[in-house]
Amino acid sequence: MKLTDFTEKEQNEINGGLPEAEISDKEAADKIIALVPQEWIKAIPFFVRRHAVTKTIAKIADEHPDLYKAACLPGEIPESEREELRTIITDIFKEKMNKHKIIA
């Protein structure tokens, strides 16, 4: 995907720098992002990838604080929470990738 594939408004936002969420626990974020198929992450254009990832993690932390807290614990995410997080994050990525016509 190239910059010209985006609308003029989106191009201006990209050129101005897309906002990123502050992630307090990088290890928890890494655990959650690891639940997304890596080919999906790589399909997101490099210039919006960090924005997409940080905003998704922040959304999960806001909307599902119990699951985010489970990811913040040391070690692996417990099985039930991991599967629930996997469903949530893949649904978010599917929705956003379809919206922006990104094919993984």
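Residues numbered from 1 in each chain as written. Predicted model: local features only at pLDDT ≥ 70, side-chain atom pairs only at ≥ 80, totals over all residues. Heavy atoms only, no water.

**What about the packing of aromatic side chains?**
Scanning the model with the defined rule gives two aromatic pairs in all. Measuring from ring centre to ring centre gives 5.8 Å for Phe 6 and Phe 47, while their planes differ by 70°; the resulting arrangement is edge-to-face. Of this pair, Phe 6 sits in the segment before helix H1 (8-16) while Phe 47 sits in helix H4 (residues 46-63), and the two are 41 residues apart along the sequence. Judged by its relative accessible area of 24%, Phe 47 is partly exposed. Of the aromatic side chains, those joined through ring pairs into one cluster are Phe 6, Phe 46 and Phe 47. (Phe/Tyr/Trp six-rings, centres within 6.5 Å; stacked < 30°, edge-to-face > 60°. Helix = DSSP H or I, 4+ residues; strand = E, 2+ residues; numbered from the N terminus. Buried < 20%, exposed > 50% of the residue type's maximum accessible area, 1.4 Å probe, protein only.)

**Overview of the packing of H4 against helix H6 (residues 79-99)**
Packing of H4 against H6 brings their axes to within 11 Å, and their N-to-C directions diverge by 135°. Classified by the angle their axes make, H4 and H6 are oblique. H6 is crossed by H4, and the crossing has right-handed handedness. Contacts between H4 and H6 involve Val 53, Thr 56, Ile 57, Lys 59 and Ile 60 on the former and, on the latter, Leu 85, Ile 88, Ile 89, Ile 92 and Phe 93. Taken together, the residues that form the contact of H4 with H6 break down as eight nonpolar, one polar and one charged. (Axes fitted to C-alpha atoms, helices over the stretch in contact; angles between N-to-C directions. Parallel < 35°, antiparallel > 145°, perpendicular 65-115°, else oblique. Left-handed = near helix turned anticlockwise from the far one by under 90°. Contact = heavy atoms within 4.5 Å. Nonpolar A, V, L, I, M, F, W, Y, C, P; charged D, E, K, R; others polar.)

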